[in-house]
Amino acid sequence: MAEKEERRSRYSDGFALTRYTMPVVMQMAEVIPGGFFIYREDEKRELIYANRKVLEIYGCETLDEFKALTGFTFPGMVHPDDFEKIQKSIDEQIDDAEGDSMDHVDYRIISKDGSIKWVDDFGHYSYSPEYGDVYYVFINDITEQKELRSEIKHDENDIARFRKDINEVLEKIDDLNSSGDESRISEGLVAIKEELEDIMKE
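What you see is a predicted model; the values in this text were computed from it and never measured. (Residues numbered from 1 in each chain as written. Predicted model: local features only at pLDDT ≥ 70, side-chain atom pairs only at ≥ 80, totals over all residues. Heavy atoms only, no water.)

Quick word on unusual backbone geometry
Its identity as a non-glycine residue notwithstanding, Arg45 has a phi of 55 degrees, on the positive side. With respect to the element layout, Arg45 can be found in the loop between strand 1 (35-40) and strand 2 (47-50). In the Ramachandran plot, Phe72 falls in the positive-phi region, its phi being about 55 degrees despite a non-glycine side chain. With respect to the element layout, Phe72 can be found in the loop between helix 4 (63-70) and helix 5 (74-77). (Helix = DSSP H or I, 4+ residues; strand = E, 2+ residues; numbered from the N terminus.)

What follows is the structure in structure tokens.
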């Protein structure tokens, strides 16, 4: 409870979600390009609102489908293997003495069709006397960017492995040249040729 009181004291930003401001927030959220949702920062972390774009990201056509998929909770929106890690990160960012009321995490989600996607999550903590501790969250689908980074990383690993293999071959050639043994050089070059052919096949 003391931690919550400290958060509320630190991040009293003058804006409090109420039944009067909620319709305005909802109206604005439906015209922004990305996903936006609000949830209570309590034990259940139940959602208060999610815009149409959030439903699209999760592959849902209706709010009822989204509720059935996620339980209409923040934990239900996150891949179960990722939730504990990202919740820890959110808490650490918000409670950082040098931080602010914003947090940034990315995590996997499971869409309605069972496919795995990645989302970028920017959250803002606030306190509302009417709704309690809440997070306003903006999310975007970054699956394509993640897959591209993964491909680049894979290519980098392939290049590093290729460079290592070639360096090993060059070391063997140097060793043969320094031996001065023509017979050994001849046999060694045949073996190196076969090794290079295998490397190029990979």
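Quick word on the packing of aromatic side chains
Evaluation of the coordinates by the stated rule reveals 11 aromatic pairs. Measuring from ring centre to ring centre gives 4.6 Å for Tyr39 and Phe74, while their planes differ by 10 degrees; the resulting arrangement is stacked. In this pair, Tyr39 is assigned in strand 1 and Phe74 in helix 5, connecting sequence segments 35 residues apart. Centroid distance Phe74 to Phe83: 6.0 Å. Interplanar angle 70 degrees. Geometry classified as edge-to-face. Of the aromatic side chains, those joined through ring pairs into one cluster are Phe37, Tyr39, Phe74, Phe83, Tyr107, Tyr125 and Tyr135. Taking NZ or CZ as reference, Lys67 lies 5.0 Å from the ring centre of Phe72, over its face. Here the guanidinium or amino end of Lys146 rests over the ring plane of Trp118, the centre of that ring lying 4.3 Å away. (Phe/Tyr/Trp six-rings, centres within 6.5 Å; stacked < 30°, edge-to-face > 60°. Lys NZ or Arg CZ within 6 Å of the ring centre and 35° of its normal.)

Remarks on the sheet that holds strand 4 (residues 116-128)
Within the open sheet, the five strands sit side by side as 2-1-5-4-3. Their pairing is antiparallel. The open sheet has two edge strands with one neighbour each: strand 2 and strand 3 (102-110). Going across the sheet, the axis of each strand differs from the next one's by a mean of 25 degrees, ignoring polarity. Strand direction decides the pairing type here: strand 4 and strand 5 (residues 132-141), joined by 10 bridges, are antiparallel. When the bridges of strand 5 are listed, Asp121 appears paired with Ile139. (Pairing = 2+ DSSP bridges. Axes fitted to C-alpha atoms, helices over the stretch in contact; angles between N-to-C directions.)

Let's talk about the pattern of salt bridges
Evaluation of the coordinates by the stated rule reveals seven salt bridges. Across the salt bridge formed by Glu130 and Arg19, the nearest N and O atoms sit 3.9 Å from each other. Taken together, the residues span a long stretch of sequence, with Glu130 in the loop between strand 4 and strand 5 and Arg19 in the loop between helix 1 (2-10) and helix 2 (22-29) at a distance of 111 residues. Here Glu130 falls in the partly exposed class, since its relative accessible area comes to 40%. (Salt bridge = Lys/Arg side-chain N within 4 Å of Asp/Glu carboxyl O. Buried < 20%, exposed > 50% of the residue type's maximum accessible area, 1.4 Å probe, protein only.)

A few points about the environment of Asp42
Structurally, Asp42 is set in the loop between strand 1 and strand 2. A residue is classified by how much of its surface remains accessible, and Asp42, at 31% relative accessible area, is partly exposed. Along the sequence, Asp42 and Val134 sit 92 residues apart, while their C-alpha atoms lie 8.4 Å from each other. One polar contact links the side chain of Asp42 to the main-chain amide nitrogen of Lys44, over a distance of 3.2 Å. Within polar-contact distance, the side chain of Asp42 engages the backbone nitrogen of Arg45 at 2.8 Å. (Polar contact = N/O pair within 3.5 Å; in protein donor to acceptor, adjacent residues only side chain to side chain.)

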